[in-house]
Amino acid sequence: MMHTRRRLIAGNWKMHMVRAEADGLVRAILDGLGGPPPARALAGTEVAVFPPFTALAAVAPLLAGRVSLGAQNVHWAQTGAFTGEVSPGMLLDLCCKYALTGHSERRHVFGESDAMVARRFAGAAGAGLVPVLCVGETLGQREAGQTQAVVAEQLTHALDALDALEAQAEFVVAYEPVWAIGTGKAAGPEDAEAVCAFIRAVLAGHSSGQAAATRILYGGSVKPDNAGAFFRQPNIDGALVGGASLGAGDFLAIVRAQ
Ligand code: PGA
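Predicted model, so just to flag it, every value in this text is computed and none were measured.

Undergrad: Help me out: how do you make sense of the pairing of strand S3 (residues 68–71) in this one?
TA: For a regular strand, side chains alternate in direction, first toward one face of the sheet and then toward the other. Along S3, one buried face is formed by Ser68 and Gly70 and the opposite face, lined by Leu69 and Ala71, is buried too. Sheet topology places strand S2 (residues 45–50) next to S3; 2 bridges connect them, and they run parallel. Residue Val49 lies in a different strand from S3, and its bridge partner there is Leu69. Chirality of the crossover, the property in question, places the unit of S2, helix H2 (residues 53–63) and S3 among those that are right-handed.

This is the structure we're talking about:
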């Protein structure tokens, strides 16, 4: 059976943009997308932005269903004594659809383990958010030939954390090789495709229907001039964009890339 997976272009703003800047960037993105929702030429593409927590409330009312909203992390519990954390319900209250889990900066700068990421992923899925599970190997792991083992381990932890009900929920996987993030050195499109095909095979080991329907994104130095080469790969369903999502011109060029 053929599945059409709607392309997803997600802008991860990281720790950038106070409210006024976020407002300006979103308005420029909406202007660029043009026309009443959704612009016909882009009907096959979903655009999403992931502002910092502090700008979510300012951005949400501007989006009017034309651009989806996501958060950069999420806790697993609904409320509780978890200083500094943000719950799935708080994000749903701000009209978020998505939440990143296990971004490499959370794993490698803030020490989040596979087990913690798995709890965040399952908690978000159970609460009705669409979690975006980020996976990817470091340069050392790649050079040691461990890419598949690392990615499989990260995926399996997260999938195993889902209970029977959560296992039916929608989620997205973003393959982001750590050595490609913020370095200007993107993976080669065929290399990225090989890992994304492997990710789909791991997903199929859990549920074949879900493997065919789940969107797998590539992330790591995606720019207007390399985006199209990723999108032409059969197992790459879009991009998670960091640096190039901070300006409307580059971000829109990636949204339009063929
Ligand atoms: P980059 O970041 O596009 O700046 O490499 C990607 C990401 O961290 O999601």
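Undergrad: Hey, could you run me through the side chain of Thr214 in this one?
TA: Along the chain, the position of Thr214 falls in the loop between helix H9 (208–213) and strand S7 (215–219). With relative accessibility at 4%, the residue Thr214 sits in the buried group. A distance of 2.6 Å separates the side chain of Thr214 from the backbone oxygen of Gln210, its partner in a polar contact.

Undergrad: Explain the site of the ligand to me, please; I cannot follow it from the model alone.
TA: Taken together, 13 residues sit near the ligand, with Lys14, His103, Glu176, Gly182 and Ser221 positioned nearest. Within the side chain of His103, a nitrogen or oxygen atom sits 2.7 Å from an oxygen atom of the ligand. For the ligand, whose accessible area on its own is 280 Å², the fraction buried by protein is 97%.

Undergrad: How should the packing of aromatic side chains be read in this particular structure?
TA: How two aromatic rings sit relative to each other is set out by the distance from centre to centre and by the angle between their planes. Scanning the entire structure with this criterion turns up 4 aromatic pairs. Look at Phe50 and Tyr98: their rings are 6.1 Å apart centre to centre, the planes differ by 35 degrees, and that puts the pair in the tilted class. Placement of the pair is Phe50 in strand S2 and Tyr98 in strand S4 (residues 98–101), with a sequence separation of 48 residues. By relative accessible area, Phe50 is classed as buried at 1%. Tyr98 gets classed as buried once you look at its relative accessible area, which sits at 0%. Measuring from ring centre to ring centre gives 4.2 Å for Tyr218 and Phe230, while their planes differ by 10 degrees; the resulting arrangement is stacked. With Tyr218 in strand S7 and Phe230 in helix H10 (residues 224–231), the pair connects residues that are 12 residues apart, well separated along the chain. In this structure an aromatic cluster arises from ring pairing among Tyr175, Tyr218 and Phe230.

Conventions used here
- Residues numbered from 1 in each chain as written.
- Predicted model: local features only at pLDDT ≥ 70, side-chain atom pairs only at ≥ 80, totals over all residues.
- Heavy atoms only, no water.
- Buried < 20%, exposed > 50% of the residue type's maximum accessible area, 1.4 Å probe, protein only.
- Helix = DSSP H or I, 4+ residues; strand = E, 2+ residues; numbered from the N terminus.
- Pairing = 2+ DSSP bridges.
- Right-handed = clockwise from strand over helix to strand, strands pointing away.
- Polar contact = N/O pair within 3.5 Å; in protein donor to acceptor, adjacent residues only side chain to side chain.
- Near = heavy atom within 4 Å.
- Areas by Shrake-Rupley, 256 points an atom, 1.4 Å probe, with all protein chains shown as cover.
- Phe/Tyr/Trp six-rings, centres within 6.5 Å; stacked < 30°, edge-to-face > 60°.

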